[in-house]
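Residue-level structural notes
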Amino acid sequence: MFAGRNANVTAVRRKNNEIIFYEVPRKTTPWIQNLKKIPIVRGVVAILESSAKGSQHLNFSMESYAEDELPADKDKEDVPGGKEEKKGWSLSMIVGVAVAGILSFVFGKLVFTVVPALIEQLIFGHAFKNIIVHNLIEGAIKILFLLSYLYFISLTPLIKRLFQYHGAEHKVISAYEAGAELTVDNVQGFTRLHYRCGSSFIVFSVLVGVIVYSFFHWDSLWERVYLRVLLLPVVLGFSYEALRFTNALRDLPVLRFLGYPGLWLQKLTTKEPTDDQVAVSIASFNRMLELDRQGVRS
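Residues numbered from 1 in each chain as written. Predicted model: local features only at pLDDT ≥ 70, side-chain atom pairs only at ≥ 80, totals over all residues. Heavy atoms only, no water.

With that out of the way, let us pick up the sheet that holds strand 3 (residues 19-25). Read across the open sheet, the three strands follow the order 1-2-3; overall the sheet is antiparallel. Each edge of the sheet is formed by a strand with only one pairing partner; in this case those strands are strand 1 (2-3) and strand 3. Summarising the sheet, strand 2 (residues 7-13) and strand 3 pair through seven bridges and their orientation is antiparallel. Among the inter-strand pairings, Asn-8 is bridged to a residue of strand 3, identified as Val-24. Packed onto the sheet, helix 10 (residues 275-294) meets strand 1, strand 2 and strand 3 and runs at close to 150° relative to strand 2. (Pairing = 2+ DSSP bridges. Helix = DSSP H or I, 4+ residues; strand = E, 2+ residues; numbered from the N terminus. Contact = heavy atoms within 4.5 Å. Axes fitted to C-alpha atoms, helices over the stretch in contact; angles between N-to-C directions.)

Right, dumping it as structure tokens:
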């Protein structure tokens, strides 16, 4: 999936090798655009918006995959009158998938925020009084938890394939930014790691959380958990600003290291893509550029 100025585009290769596109024009909502101008707040808005849109596009690709796996005589639904009709996406379906994506992100973030705090409290709760030390251990547990989770899910064929497409996206973007012609051979020569990836945001959310939580004292386990949940939007907002800051400095030789933790994490969240996967990513990116040139708006 690629996001352009005017549309978000996902390309999917069907079983017959046809590449189809899912195109969603980018809508401009005034009050959301105003929120995106406010530091900290814009980070939370952008993350929720990305979760909603990402879920729609992922659901489209999963539906396409599922249709290819259906028997030939079941790929269409029988309707009265003997005609066959393929169901499309209704507004309620799109909204439902978007809401599900946001809720999934929030739930996942809560799990990765609360569980490490609970584990640290149960093991080290009475070992020392220093809040900062507790937060550092909690951050270490969170990173270990995250790395273990990503490693084990990457072993499954479906997630490995998803991570390969993630790597293909990065290669295409890197090739485009370098001014290279978008051919499979050229794109494969670029790295699958990219500074602006959302994986970097995950790392920053852990590091920023350690700092933010250190400003708030807690006396009990439930107070600690309550503060983590309450401060989650603040952590997300500051993490987004940290990501923007490191992106702005990525061309400075001395400060490039600020983005390295996110690049290291991408070694888990991306895999080397096949030529076919790169070809799909190139098709999606080119279609996105085409829609941008056309100035498509809804």
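What follows deals with the packing of helix 4 (residues 131-153) against helix 7 (residues 198-213). Look at helix 4 against helix 7: their axes get within 9 Å of each other, and the N-to-C directions meet at 165°. With respect to their mutual orientation, helix 4 and helix 7 come out roughly antiparallel. Considering how the two elements wind past one another, helix 4 and helix 7 form a crossing that is right-handed. Mapping the contact onto sequence places Ile-131, Asn-135, Leu-136, Glu-138, Gly-139, Lys-142, Ile-143 and Leu-146 in helix 4 and Ile-202, Val-206, Val-210 and Tyr-213 in helix 7. Residues belonging to the contact of helix 4 with helix 7 are distributed by class as follows: eight nonpolar, two polar and two charged. (Parallel < 35°, antiparallel > 145°, perpendicular 65-115°, else oblique. Left-handed = near helix turned anticlockwise from the far one by under 90°. Nonpolar A, V, L, I, M, F, W, Y, C, P; charged D, E, K, R; others polar.)

Turning next to unusual backbone geometry. One non-glycine residue with positive phi stands out, namely Asn-17, at about 75°. If you check the backbone angles, Ile-40 has positive phi at about 75° while not being a glycine. When you line up the elements, Ile-40 lands in the loop between helix 1 (30-35) and helix 2 (41-69). You can call Ile-40 partly exposed: its relative accessible area is 23%. (Buried < 20%, exposed > 50% of the residue type's maximum accessible area, 1.4 Å probe, protein only.)

Turning our eyes to something else, we now look at the pattern of salt bridges. Scanning the entire structure with this criterion turns up nine salt bridges. For the salt bridge of Lys-36 with Glu-49, the shortest nitrogen-to-oxygen distance reads 2.6 Å. Taken together, the residues Lys-36 in the loop between helix 1 and helix 2 and Glu-49 in helix 2 connect sequence positions 13 residues apart. Of the residues examined, Lys-36 reaches a relative accessible area of 24% and is grouped as partly exposed. Residue class for Glu-49 comes out partly exposed when judged on its relative accessible area of 22%. The shortest N-O distance in the salt bridge between Glu-120 and Arg-224 comes to 2.5 Å. With Glu-120 in helix 3 (residues 91-124) and Arg-224 in helix 8 (residues 221-248), the pair connects residues that are 104 residues apart, well separated along the chain. Assessed through its relative accessible area of 0%, Glu-120 is described here as buried. In this structure Arg-224 comes out as buried when scored by relative accessible area, which is 0%. (Salt bridge = Lys/Arg side-chain N within 4 Å of Asp/Glu carboxyl O.)

Turning to the packing of helix 5 (residues 157-177) against helix 10, a few remarks are in order. Geometry of a packed helix pair, given as the angle between the helix axes and the separation of the axes. Between helix 5 and helix 10, the shortest axis-to-axis distance is 9 Å and the interhelical angle comes to 55°. Looking at the two axes, helix 5 sits oblique to helix 10. Here the hand of the crossing between helix 5 and helix 10 comes out right-handed. Where helix 5 abuts helix 10, its residues Arg-161, Gln-164, Tyr-165, Ala-168, Glu-169, Val-172 and Tyr-176 lie against Gln-277, Val-278, Val-280, Ser-281, Ile-282, Phe-285 and Leu-289. Residue composition of the contact of helix 5 with helix 10, grouped by class: nine nonpolar, three polar and two charged.

Let's shift gears to the side chain of Asp-292. Residue position: Asp-292 is located in helix 10. No salt bridge forms around the buried Asp-292; measuring N to O, its nearest opposite-charge neighbour Arg-5 is 4.1 Å away. Within the local environment of Asp-292, its side chain forms a polar contact with the backbone nitrogen of Asn-6, the two atoms lying 3.0 Å apart. If sequence neighbours within four positions are ignored, Asp-292 has contacts with Gly-4, Arg-5, Asn-6 and Ala-7. (Lys, Arg positive; Asp, Glu negative; His and termini not counted. Polar contact = N/O pair within 3.5 Å; in protein donor to acceptor, adjacent residues only side chain to side chain.)

A few words now on the pairing of strand 2. Within strand 2, six of the seven residues are buried, leaving the element largely enclosed by the surrounding structure. One ladder, built from two bridges, connects strand 1 with strand 2; its direction is antiparallel. Its bridge partner lying in strand 2, Ala-3 is registered against Asn-8. Counting the residues between successive antiparallel strands, the hairpin from strand 1 to strand 2 contains three residues.

Another aspect to go through is the nonpolar core. In terms of nonpolar packing, the biggest core is built from 14 residues, with Val-172, Leu-182, Val-187, Ile-282, Phe-285 and Met-288 touching the most fellow members. Listing elements by their share of this core, those giving two or more residues are strand 2, helix 5 and helix 10. The dominant element in this core, judged by the number of residues it contributes, is helix 10, at six residues. Discounting residues that sit within four places of it in the chain, Val-172 has contacts with Phe-2, Leu-182, Val-187, Val-278, Ser-281, Ile-282 and Phe-285. The next biggest cluster of nonpolar side chains, apart from the first, holds 12 residues, and it includes Tyr-213, Leu-232, Val-235 and Leu-236. (Core = buried A, V, L, I, M, F, W, Y, C linked by side-chain atoms within 4.5 Å.)

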